[in-house]
Amino acid sequence: MTTFDEREHAFEAKFAHDAEMQFNAEARRNKMLGLWAAKILGKTGVEVQTYAATVVNANLEEPGDEDVFRKLNGDLGDRVDENELRTKMSEFMRTAKNEIMNEQ
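Computed from a prediction, not measured in an experiment: that's the story for all the values here. (Residues numbered from 1 in each chain as written. Predicted model: local features only at pLDDT ≥ 70, side-chain atom pairs only at ≥ 80, totals over all residues. Heavy atoms only, no water.)

(A) Region of interest: the pattern of salt bridges. Scanning all chains against the criterion turns up seven salt bridges. A salt bridge links Glu 62 to Arg 70; the nearest nitrogen and oxygen atoms lie 2.9 Å apart. Exposure remark for Glu 62: the relative accessible area of 31% places this residue in the partly exposed category. Assessed through its relative accessible area of 45%, Arg 70 is described here as partly exposed. Salt bridges here are not isolated pairs; linked through shared partners, they connect Arg 28, Glu 99 and Glu 103. (Salt bridge = Lys/Arg side-chain N within 4 Å of Asp/Glu carboxyl O. Buried < 20%, exposed > 50% of the residue type's maximum accessible area, 1.4 Å probe, protein only.)

Right, here's the structure in full:
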């Protein structure tokens, strides 16, 4: 294997690792968002975890965060404004990434 091939393999491995880390961070962030929103919606017990799972699954509809945003914005209605929701999304993403980095 040439040095070029080794570098190519290393870049491919890093890309795959970074993509997996991003996916895991988004899933963790979405669960946090779901738990947060469930409390605002007054859900209790098993309903909380079930609702959080629906938020995680909402992210599978399309690339990016807008599918999750639309779901939460629609469910929360006037309880939370758009700016607060986007702020929570950013805050929980930072938290999720930090947690994942600390696990390694």
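(B) Summary view of helix 2 (residues 46-58). An ideal rise of 1.5 Å per residue puts 18 Å on 13 residues; helix 2 measures up with 19 Å between its terminal C-alpha atoms. Among the residues making up helix 2, those that are buried are Val 48, Tyr 51, Ala 52, Val 55 and Ala 58. Summarising the axial view, the buried residues of helix 2 lie within an arc of 115°, below the 170-degree limit, and thus occupy one face. (Helix = DSSP H or I, 4+ residues; strand = E, 2+ residues; numbered from the N terminus. Expected span 1.5 Å × (residues − 1). Arc of directions from axis to C-beta.)

(C) The packing of aromatic side chains, seen in detail. All told, the structure shown has one aromatic pair when counted by the stated rule. Summarising the aromatic geometry, the rings of Trp 36 and Phe 92 are spaced 6.5 Å apart at their centres and angled 70° between planes, so their arrangement reads as edge-to-face. Of the two residues, Trp 36 sits in helix 1 (residues 3-40) while Phe 92 sits in helix 4 (residues 82-103), which places them 56 residues apart along the sequence. Lying over the aromatic face of Phe 69, Arg 86 brings its terminal NZ or CZ to 3.7 Å of the ring centre. (Phe/Tyr/Trp six-rings, centres within 6.5 Å; stacked < 30°, edge-to-face > 60°. Lys NZ or Arg CZ within 6 Å of the ring centre and 35° of its normal.)

(D) Inspection of the packing of helix 3 (residues 66-76) against helix 4 at higher detail. As a packed pair, helix 3 and helix 4 sit with axes 11 Å apart at the nearest point and diverge in direction by 130°. Judged on the interaxial angle alone, helix 4 and helix 3 are oblique. Every pair of crossing elements has a handedness; the one defined by helix 3 and helix 4 is right-handed. Together, Glu 66, Val 68, Phe 69, Leu 72 and Asn 73 of helix 3 and Glu 82, Leu 85, Arg 86 and Met 89 of helix 4 make up the contact between the two elements. Across the contact of helix 3 with helix 4, the residue classes tally to five nonpolar, one polar and three charged. (Axes fitted to C-alpha atoms, helices over the stretch in contact; angles between N-to-C directions. Parallel < 35°, antiparallel > 145°, perpendicular 65-115°, else oblique. Left-handed = near helix turned anticlockwise from the far one by under 90°. Contact = heavy atoms within 4.5 Å. Nonpolar A, V, L, I, M, F, W, Y, C, P; charged D, E, K, R; others polar.)

(E) Quick look at the nonpolar core. If you look at the biggest cluster of nonpolar residues, it comprises 17 residues, and the most contacted ones within it are Leu 33, Trp 36, Leu 72 and Leu 85. Within the residue set of this core, elements represented by two or more residues are helix 1, helix 2, helix 3 and helix 4. (Core = buried A, V, L, I, M, F, W, Y, C linked by side-chain atoms within 4.5 Å.)

(F) Focus on the side chain of Arg 29. Here Arg 29 is to be found in helix 1. Accessibility expressed as a relative area gives 1% for Arg 29, which makes it buried. Those residues in contact with Arg 29 that sit more than four places away from it in its chain are Asp 65, Met 89, Phe 92, Met 93 and Ala 96.

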